[in-house]
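# What the coordinates show
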Amino acid sequence: MAQHLNFEALLERAAPPKELPAPTLALSHLDTLWLQVTGTLCNLACLHCFISCGPKNHNHEMMTLESVQDALNWARDHGVKEFYFTGGEPFMHPQIKEMILAALEHGPLNILTNGILIDESMAAWLGEVFRTSRYNLDLRVSLDGTTPEENDAIRGRKTYEKIFGGIDRLWAHGVNPVITVTTCHADLAAEDGRRRFYEVVRARGLSQPRLKFLSPFKIGREEHRAGGYEAHERLVEGDLIPGQEDALQCSSCRMVTAKGVYPCPILIEVDEALMGASLDDALVDIKLDHPACYTCHVEGVTCRT
Amino acid sequence: MPNLTDTTIAVFGGVYNNYLSLEATLAHARQSGASALYCLGDLGGFGPHPDRSIAQLRDQHDIHVMQGNYDHSLGNRLGDCACGYTDPRDNYFAQLSYDYTFANTSEHHKDWLRDLPTGFRHRWAGKEVLMAHGSPRRINEFLWESTTPDGFLEHLLASRNIDALFITHTGIPWMRRLDSGRLVVNVGAIGRPANNGLTTVDYVLVELQGDTLDASLQAIPYDHERLASEMRAEGLPEEFVETVLTGYWTTCTEVLPARERARGKY
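Residues numbered from 1 in each chain as written. Chains lettered and ligands numbered in written order. Predicted model: local features only at pLDDT ≥ 70, side-chain atom pairs only at ≥ 80, totals over all residues. Heavy atoms only, no water.

## Examining the nonpolar core
Most often, soluble globular proteins keep nonpolar side chains buried together rather than apart. Worth spelling out the cut-off: Working definition of a nonpolar core: buried Ala, Val, Leu, Ile, Met, Phe, Trp, Tyr and Cys residues. They are joined through side-chain atoms within 4.5 Å. Exposure is judged per residue with a 1.4 Å probe applied to protein chains only, and the accessible area is read against the type maximum: over 50% gives exposed, under 20% gives buried, and values in between give partly exposed.
Of all hydrophobic cores here, the largest spans 92 residues; its most connected members are Phe85, Ile100 and Leu126 of chain A. Ala10, Ile190, Tyr222 and Ala228 of chain B belong to the second-largest nonpolar core, a separate cluster that totals 53 residues.

Structure representation (structure tokens):
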């Protein structure tokens, strides 16, 4: 993980801090297109959410099926490699099935969900689509602890069992979801914590646990829970090693919401990050001037599966 | 660039130290009339006795070898294979085979790996043909069948003026004729079975006739039981041996897309 860090540059400015401009990052090619299909609307209001999603957050409204199709058609014509649906909770969208089928006509699709709304019928449908679609369908289900106490403290009362209910139904219908863990509990980031998660999932009956661990971003609701970024936690020119810029997902992704296009999934509540109304507006360089960019660089975070 | 046609060409990749399947593949290709054989790299990893594969490939007048990420790492004496895995479980087993391969590859073979070319471009049957290890844009890019859409491939080939692309790196073969008529072939790997429950390994024969270029996947049996016993004798992980004997991947499964993984056991 540390190979992409320019230790010399980091040491040089460790003290005293220098006023250097933020690095600029070019788009190498738009490989990954994110779609904020349900905006900031979610059936949960997790305490670590970096965009403060919840049942009443209308900052970004749901996307229409037509706008999703427009983005997918644009993506097909521009050689995009993969699609991600997120929110909010994507399965709150009344036309989520149509959206899923539309995406899978053009490329592989990952859906980020808490799994709670995936009932028996939806799980059966997803299993069928997984087996028959031309391109790969992957579900990513978020779970933030190995016990109800650990998870529910972050994601809300009784969500541990509800989330595992969705995971169980997917598994029963032949879909092996990637269980995504945000490492708010520090021990989950270490090897023992990861092993514990692996064993808990396997004990549940998923014989091939697929896990992804993500560092928390200290913005949105997470900033109120655990504090925000320190002043020095910013990227400046020289931090990126030339030739290794592709370690940052924003060198090859953009995010479309009902409001317009953003560099990445993390910054959609940062008004200054809005790049324009259409994807054509968003093929330009970006400034890595937000403290969340520091987390992606230093922690080696990628939102990709 | 001169045009080559009315002949047969063999394209293979992912030798992974499997010198026994390499012998079988080379014999099959030559018996099939291949006038040239192209190896798309990754000579090391997984299997036993790395020098035995390299010795079969170097200094052969009809074999052209490209550098894969594994060969680049070994040749430049790097600390890992740079395979592109992101999960610690994948990296754990990748490191075991890299350390074994590094310790058992002679210095002059590492130098040879270091100096290999990184791609081939030819004109075959009037078509612009490119061969790359992972993809034309990155040596360790994984182009899986289920996660590589037509639109992306059309863009990738058109932007480089390519009519046919041959790649490896993932270890699972597939081929696709795009709407434009362009052809993309992942030749799979000859060093490890393709997570399909078969102990055979895969490579591709390319038939050039007039202005027609056709490719066909070939499944090659070899003495996999002998390979398994030699791997055990070398102290390689039993997980690797199981893959050789069953045809199912036991390691490096986290990098698999869900679809390709669901075809296997693990």
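Now that the structure is up, let's keep going.
## Side note on the side chain of serine 252 of chain A
Condition: Here a helix means four or more residues in a row that DSSP labels H or I, a strand means two or more in a row labelled E, and each is numbered from the N terminus. Contact criterion: two residues are considered in contact whenever any of their non-hydrogen atoms come within 4.5 Å of each other.
Within the secondary structure layout, serine 252 of chain A lies in the loop between helix 8 (221-226) and strand 8 (253-256). Residues within four places of serine 252 of chain A in sequence aside, it is in contact with Leu27, Ser28, His29, Leu30, Asp31, Thr32 and Arg304 of chain A.

## Focus: the environment of cysteine 250 of chain A
All names here are of chain A. Structurally, cysteine 250 is set in the loop between helix 8 and strand 8. Accessibility expressed as a relative area gives 12% for cysteine 250, which makes it buried. Taking C-alpha positions, cysteine 250 is 7.3 Å from leucine 27, a pair spaced 223 residues apart along the chain. When near neighbours in sequence (up to four residues on either side) are disregarded, cysteine 250 contacts Leu25, Leu27, Pro263, Ile286 and Leu288.

## Some thoughts on the packing of aromatic side chains
All names here are of chain B. Condition: Aromatic pairs are defined between Phe, Tyr and Trp rings, using the six-membered ring for Trp, whenever the two ring centres lie within 6.5 Å; interplanar angles under 30 degrees are classed as stacked, those over 60 as edge-to-face, and all others as tilted. Counting as a charge over the ring demands two things of the Lys NZ or Arg CZ atom: a distance within 6 Å of the ring centre and an angle within 35 degrees of the ring normal.
Within this structure, the stated rule accounts for 14 aromatic pairs over all chains. Ring-pair connections join several aromatic residues into one group, and the members of that group are Tyr38, Phe120, Trp124 and Phe166. Over the ring of phenylalanine 102 we find lysine 110, and its NZ or CZ is 3.6 Å from the ring centre.

## Remarks on the sheet that holds strand 4 (residues 109-113) of chain A
All names here are of chain A. Short version of the rule: Two strands form a pair only when DSSP identifies at least two bridges running between them. Between N-to-C directions, angles cover 0 to 180 degrees, with each direction set by a line fitted to C-alpha atoms, over the stretch in contact for helices.
Read across the open sheet, the eight strands follow the order 7-6-5-4-3-2-8-9; overall the sheet is mixed. Either end of the sheet is taken by a strand with one partner, and the two such strands are strand 7 (210-214) and strand 9 (261-262). Inspection of the sheet shows strand 2 (residues 32-36) paired to strand 8 by four bridges, in the parallel sense. When the sheet's bridge partners are listed, threonine 32 is paired in strand 8 with cysteine 253. The strands touched by helix 7 (residues 191-203) are strand 6 (178-182) and strand 7; relative to strand 7, the strand with the most contacts, the crossing angle is about 145°.

## Topic: helix 2 (residues 65-77) of chain A
All names here are of chain A. As a reminder of what qualifies: An expected span of 1.5 Å times one less than the residue number is assigned to each helix.
A rise of 1.5 Å per residue sets the reference length of helix 2, with its 13 residues, at 18 Å; its end C-alpha atoms lie 19 Å apart and thus fit the reference within 8%. Those residues of helix 2 not exposed but buried are Leu65, Val68, Ala71, Leu72, Trp74 and Ala75. The first or second residue beyond helix 2 is glycine 79, which carries a positive phi of 70°.

## A word on the packing of helix 7 (residues 224-233) of chain B against helix 8 (residues 238-246) of chain B
All names here are of chain B. Inclusion rule: Should an angle fall under 35 degrees it is called roughly parallel, over 145 degrees roughly antiparallel, and 65 to 115 degrees roughly perpendicular, with every other angle called oblique. Amino acids are sorted into nonpolar (Ala, Val, Leu, Ile, Met, Phe, Trp, Tyr, Cys and Pro), charged (Asp, Glu, Lys and Arg) and polar (every other residue, Gly among them).
In contact at an axis separation of 9 Å, helix 7 and helix 8 are set at 175° when each is read in the N-to-C sense. Classified by the angle between their axes, helix 7 and helix 8 sit roughly antiparallel to one another. Packed against helix 7, whose contacting residues are His224, Glu225, Leu227, Ala228, Met231 and Arg232, the element helix 8 presents Glu238, Phe240, Val241, Val244 and Leu245 at the interface. The class makeup of the residues in the contact of helix 7 with helix 8 is seven nonpolar, one polar and three charged.

## Here's the deal with the pattern of salt bridges
Just so we agree on the cut-off: Each salt bridge in this description consists of a side-chain nitrogen of Lys or Arg and a carboxyl oxygen of Asp or Glu lying within 4 Å of one another.
In this structure the tally under the stated criterion is 35 salt bridges over all chains. The residue glutamate 82 of chain A makes a salt bridge to arginine 304 of chain A at a minimum N-O spacing of 3.0 Å. Of this pair, glutamate 82 of chain A sits in strand 3 (residues 82-86) while arginine 304 of chain A sits in the segment after helix 9 (291-299), placing them 222 residues apart in sequence. You can call arginine 304 of chain A buried: its relative accessible area is 19%. Here arginine 114 of chain B ties to aspartate 111 of chain B by a salt bridge, and the two come within 3.2 Å at their closest N and O atoms. With arginine 114 of chain B and aspartate 111 of chain B both in helix 5 (residues 107-114) and three residues apart, this pair spans about one turn of that helix. Judged by relative accessible area, arginine 114 of chain B falls into the partly exposed class, the value being 36%. Sharing partners across several salt bridges, the network here consists of Arg77, Glu107, Lys110, Asp111, Arg114 and Asp115 of chain B.

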